Amino acid sequence: NAGVTQTPKFRILKIGQSMTLQCTQDMNHNYMYWYRQDPGMGLKLIYYSVGAGITDKGEVPNGYNVSRSTTEDFPLRLELAAPSQTSVYFCASNALGEKLFFGSGTQLSVL
Amino acid sequence: AQRVTQPEKLLSVFKGAPVELKCNYSYSGSPELFWYVQYSRQRLQLLLRHISRESIKGFTADLNKGETSFHLKKPFAQEEDSAMYYCALDYKLSFGAGTTVTVRA
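Residues numbered from 1 in each chain as written. Chains lettered and ligands numbered in written order. Predicted model: local features only at pLDDT ≥ 70, side-chain atom pairs only at ≥ 80, totals over all residues. Heavy atoms only, no water.

A word on unusual backbone geometry
Residues and elements named next belong to chain A.
Phase 1: Thr7 connects to Pro8 through a cis peptide bond whose omega is -5 degrees.
Phase 2: Assignment of secondary structure puts Pro8 in the loop between strand S1 (4-7) and strand S2 (10-13).
Phase 3: In this structure, Asn28 is a non-glycine residue whose phi angle is positive, near 60 degrees.
Phase 4: Its place among the elements puts Asn28 in the loop between strand S3 (19-25) and strand S4 (31-38). (Helix = DSSP H or I, 4+ residues; strand = E, 2+ residues; numbered from the N terminus.)

Okay, structure coming up:
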């Protein structure tokens, strides 16, 4: 099993550009999450999903959008990139009440 | 609102010395708590969860509801324990800010 796969691993964007961070899992997990990790700030939840077709905001959703059309995929979209979105992004998934499985992360710089 | 606080950003100990990472939480319901670890160049992974009451890699953590704490302890730190540790609370899986542990020879 591949687990949780995130792409790309690195990306540099210009202010105002858009991009989608891809996340897919092959463990048939209903729950999926997007976090950002800023230096010294820990992980902050951006959006999460409890199943296909259901998404909800986390702690820091502004500037992001998500969709969950299938159980496997949970892409995160940045519509108008801003320098404040420079961060490391992690996708994760789990079954209800069970441990999280994390992707390897995407390092995003907005210049 | 739920919150997880890890008061120490950095913790440095000598090999063989005890190490304790503090975690305090605030949550109105019955909490489920976890410790996750991120070794250098590796993914975040679960270290242990309070509900399983197990010891992983010599680490233990006890949930103290009276003090709303879930501190992580190891009696004899090893160099391979150097990593970043996150305390997490279930319900939208809120994470603390993390503690970077360095174990020196």
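Focus on the sheet that holds S3 of chain A
All names here are of chain A.
Phase 1: Strand order in this open sheet of four strands is S1-S3-S8-S7, and the pairing throughout is antiparallel. Both outer strands of the open sheet, S1 and strand S7 (64-66), are each paired with one neighbouring strand and no more. Across the sheet, the axes of successive neighbouring strands diverge by a mean angle of 20 degrees, strand direction being ignored.
Phase 2: Relative to strand S8 (residues 76-78), S3 is paired through three bridges, and the arrangement is antiparallel. Note on S8: the bridge partner recorded for Leu21 is Leu76. (Pairing = 2+ DSSP bridges. Axes fitted to C-alpha atoms, helices over the stretch in contact; angles between N-to-C directions.)

What to know about the packing of aromatic side chains
Residue and element names in this part refer to chain A.
Phase 1: Tallied over the full model, the rule gives eleven aromatic pairs over all chains.
Phase 2: Look at Tyr33 and Tyr35: their rings are 6.1 Å apart centre to centre, the planes differ by 25 degrees, and that puts the pair in the stacked class.
Phase 3: Relative accessible area serves as the criterion here: at 0%, Tyr35 is assigned to the buried category.
Phase 4: Directly above the aromatic system of Phe74 lies the positively charged group of Arg68, at a separation of 5.9 Å from the ring centroid. (Phe/Tyr/Trp six-rings, centres within 6.5 Å; stacked < 30°, edge-to-face > 60°. Buried < 20%, exposed > 50% of the residue type's maximum accessible area, 1.4 Å probe, protein only. Lys NZ or Arg CZ within 6 Å of the ring centre and 35° of its normal.)

Description of the interface of chain A and chain B
Phase 1: Taken residue by residue, the interface counts 20 residues in chain A and 16 residues in chain B.
Phase 2: Carbon and sulfur atoms make up 55% of the surface buried where chain A meets chain B, a total of about 1,500 Å² over both sides.
Phase 3: Its largest share of buried area at the contact with chain B, chain A owes to Leu43, Leu100 and Phe102 of chain A, together 29% of the area lost on that side.
Phase 4: Here chain A and chain B share one salt bridge between them.
Phase 5: Of the charged contacts in the structure, one is a salt bridge between Glu98 of chain A and Arg49 of chain B, with a shortest N-O distance of 3.5 Å. (Contact = heavy atoms within 4.5 Å. Buried area = accessible area lost by both parts, 1.4 Å probe. Salt bridge = Lys/Arg side-chain N within 4 Å of Asp/Glu carboxyl O.)

By themselves, these observations are geometric and do not establish any function.
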